[in-house]
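Structural description and commentary
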Amino acid sequence: MEKYIYVILTRTLTIPGKVIRKVTRNPYSHASIALDKNFNEMYSFARFHYQNPIVGGFVHENVQNLSLGKEEEVFVKIFRIPVTNYQYRKLKKYIRHFQENEDKYMYNLLELIFYPLGIKFKIRDSYICTEFVMHLLDYIEIERKDLKSTRVTPVQLKQCLEEYEYYDGSLQNYISTVEHEEFDNHFLDKENLFFVVGKSIKQLGKLLFRKIT
């Protein structure tokens, strides 16, 4: 039986998402990878909590991460990629590595901030969502078109995976056709403002320290 993995590009409802779409001139601003069509094993690099766009890292996502728990329609483009049993097991094992070492990995906010200036801000053990997805695809040697740029954006992902396009439309409509299981990853939990500010300063400090060491 043939196995598939899924890459999901999302038109997120967040303010940073809207900025990213304007800068990249693409309708999508977030990327995730899923090991099943139900999106019960969906992963990315993103913020940990809705209220704090600065602190983030490796996340096990659910639909609430993409819809922010709102009823407003969210649009996605989904790519279904066939993989061998070996590639699937290799990917699953690698994702388990991220799960077991999640404290080591950080969301590379500085890469995102400096994108409009054309500056690549590579930091060890740090990713933005699109780089993470592309890294996993390359790790299991998925055949794809070559990137036209060294910078991985939703536009680049869309272009290099277009042969695998599977669905284009409402996320809510797609989820209604599969067996998605919601779980609480505390994404919508409210946090104290001072706590948010303190964690944000600490996160930025860690990123800068990794950059200069």
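The sections below set out a description of the structure shown in this document.

Rules of the game
Per chain, residues are indexed from 1 in the order of the written sequence. At least 70 in pLDDT is required for a residue's local features to be given in this predicted model, at least 80 for side-chain atom pairs to be given and counted, and no such filter applies to totals for whole chains, interfaces and linings, which use all residues. Side-chain numbers here rest on the full set of heavy atoms in the structure, without hydrogens or water. Each patch is built from residues that are more than 30% exposed by relative accessible area and take part in no salt bridge. Like charges join if they lie within 9 Å; nonpolar side chains (Val, Leu, Ile, Met, Phe, Trp, Tyr) join within 5 Å. Each accessible area value is a Shrake-Rupley result obtained with a 1.4 Å probe; residue values ignore everything except the protein chains displayed when judging cover. Each salt bridge in this description consists of a side-chain nitrogen of Lys or Arg and a carboxyl oxygen of Asp or Glu lying within 4 Å of one another. Starting at the N terminus, helices and strands are each numbered in turn, a helix being any DSSP run of H or I of at least four residues and a strand any DSSP run of E of at least two. Using a 1.4 Å probe on the protein chains alone, a residue whose accessible area is under 20% of its type maximum counts as buried, one over 50% counts as exposed, and one in between counts as partly exposed. Each axis is a line fitted through C-alpha atoms, taken for helices only over the stretch in contact, and angles between the N-to-C directions span 0 to 180 degrees. Orientation is classified from the angle alone, with under 35 degrees giving roughly parallel, over 145 giving roughly antiparallel, 65 to 115 giving roughly perpendicular, and any other angle giving oblique. In this scheme the crossing of two helices becomes right-handed for a clockwise turn of the near helix relative to the far one and left-handed for an anticlockwise turn of less than a right angle. Any two residues whose heavy atoms approach within 4.5 Å are treated as being in contact. Planes of paired rings set the category: under 30 degrees apart is stacked, over 60 is edge-to-face and the rest tilted, where pairs are Phe, Tyr or Trp rings (Trp by its six-membered ring) whose centres lie within 6.5 Å. Two thresholds decide whether a charge sits over a ring: the Lys NZ or Arg CZ must be within 6 Å of the ring centre and within 35 degrees of the ring normal. Pairs of N or O atoms are called polar contacts if they sit within 3.5 Å, as long as, within protein, a hydrogen donor faces a hydrogen acceptor (for residues adjacent in sequence, only side-chain-to-side-chain pairs). Should DSSP find at least two bridges between two strands, the strands are regarded as paired.

A look at a nonpolar patch on the surface
Together, Ile 15, Val 19 and Val 23 give the surface a local cluster of nonpolar side chains, amounting to about 270 Å² of exposed area. By the secondary structure assignment, Val 19 is in helix H1 (residues 15-24).

Here we look at unusual backbone geometry
Glycine aside, residues mostly have negative phi angles, and peptide bonds mostly take the trans form. The backbone of Phe 39 sits at a positive phi, close to 60°, despite the residue not being glycine. On the secondary structure map, Phe 39 appears in the loop between strand S2 (30-34) and strand S3 (42-49). Classification of Phe 39 as buried rests on a relative accessible area of 0%. Located in the positive-phi region is Glu 141, a residue other than glycine, with phi close to 60°. In this fold, Glu 141 is placed in the loop between helix H5 (129-139) and helix H6 (154-160). What makes Glu 141 exposed here is its relative accessible area of 62%.

Let's talk about the environment of Glu 163
Mapped onto the elements, Glu 163 comes out in the loop between H6 and strand S8 (165-170). When the C-alpha atoms of Glu 163 and Ala 46 are compared, they prove to be 26 Å apart, with 117 residues separating the residues in sequence.

Quick look at the packing of helix H3 (residues 85-100) against H5
Two quantities define a packed helix pair, namely the angle between the axes and the distance from one axis to the other. Remark: H3 packs on H5, axes separated minimally by 10 Å, with the N-to-C direction vectors making an angle of 140°. Accordingly, the angle class assigned to the pair H3 and H5 is oblique. Here the hand of the crossing between H3 and H5 comes out right-handed. Here Lys 90, Leu 91, Tyr 94, Ile 95 and Phe 98 of H3 lie close against H5, whose contacting residues are Phe 132, His 135, Leu 136 and Tyr 139.

With respect to the side chain of Thr 10
Here Thr 10 lies in strand S1 (residues 3-10). Relative accessible area serves as the criterion here: at 0%, Thr 10 is assigned to the buried category. In this view, Thr 10 contacts Tyr 28, Ser 29, His 30, Leu 66, Val 74, Phe 75 and Val 76; residues no more than four positions away in its chain are not counted.

Things to note about the packing of aromatic side chains
How two aromatic rings sit relative to each other is given by the distance of their centres and the angle of their planes. Taken as a whole and assessed by the stated rule, the structure comprises 20 aromatic pairs. Through a chain of ring-to-ring contacts, three or more aromatic side chains come together here, namely Tyr 43, Phe 45, Phe 58, Tyr 94, Phe 98, Tyr 105, Tyr 127, Phe 132 and Tyr 139. Here the guanidinium or amino end of Arg 11 rests over the ring plane of Tyr 28, the centre of that ring lying 5.9 Å away.

Considerations on the side chain of Ser 32
One can find Ser 32 in strand S2. A distance of 2.6 Å separates the side chain of Ser 32 from the side chain of Glu 61, its partner in a polar contact. Apart from residues lying up to four places away in sequence, Ser 32 is in contact with Tyr 6, Val 7, Ile 8, Met 42, Tyr 43, Ser 44, Glu 61, Leu 66 and Val 133.

Looking at the pattern of salt bridges
Inspection of every chain in the model, using the stated rule, returns five salt bridges. In this structure, the salt-bridge partner of Lys 77 is Asp 168, at a minimum N-O distance of 3.0 Å. Placement of Lys 77 in strand S5 (residues 75-83) and of Asp 168 in strand S8 is noted, with a sequence separation of 91 residues between them. Residue Lys 77 is classed as buried on the basis of its relative accessible area of 5%. With relative accessibility at 47%, the residue Asp 168 sits in the partly exposed group. A salt bridge links Asp 138 to Arg 144, with the shortest nitrogen-to-oxygen separation between them at 3.0 Å.

Describing the pairing of S2
Extensive coverage of S2 is indicated by the burial of five of its five residues. Of the pairings in the sheet, the one linking S2 to S3 comprises two bridges and is antiparallel in character. The partner of Ile 33 across the bridge, within S3, is Tyr 43.

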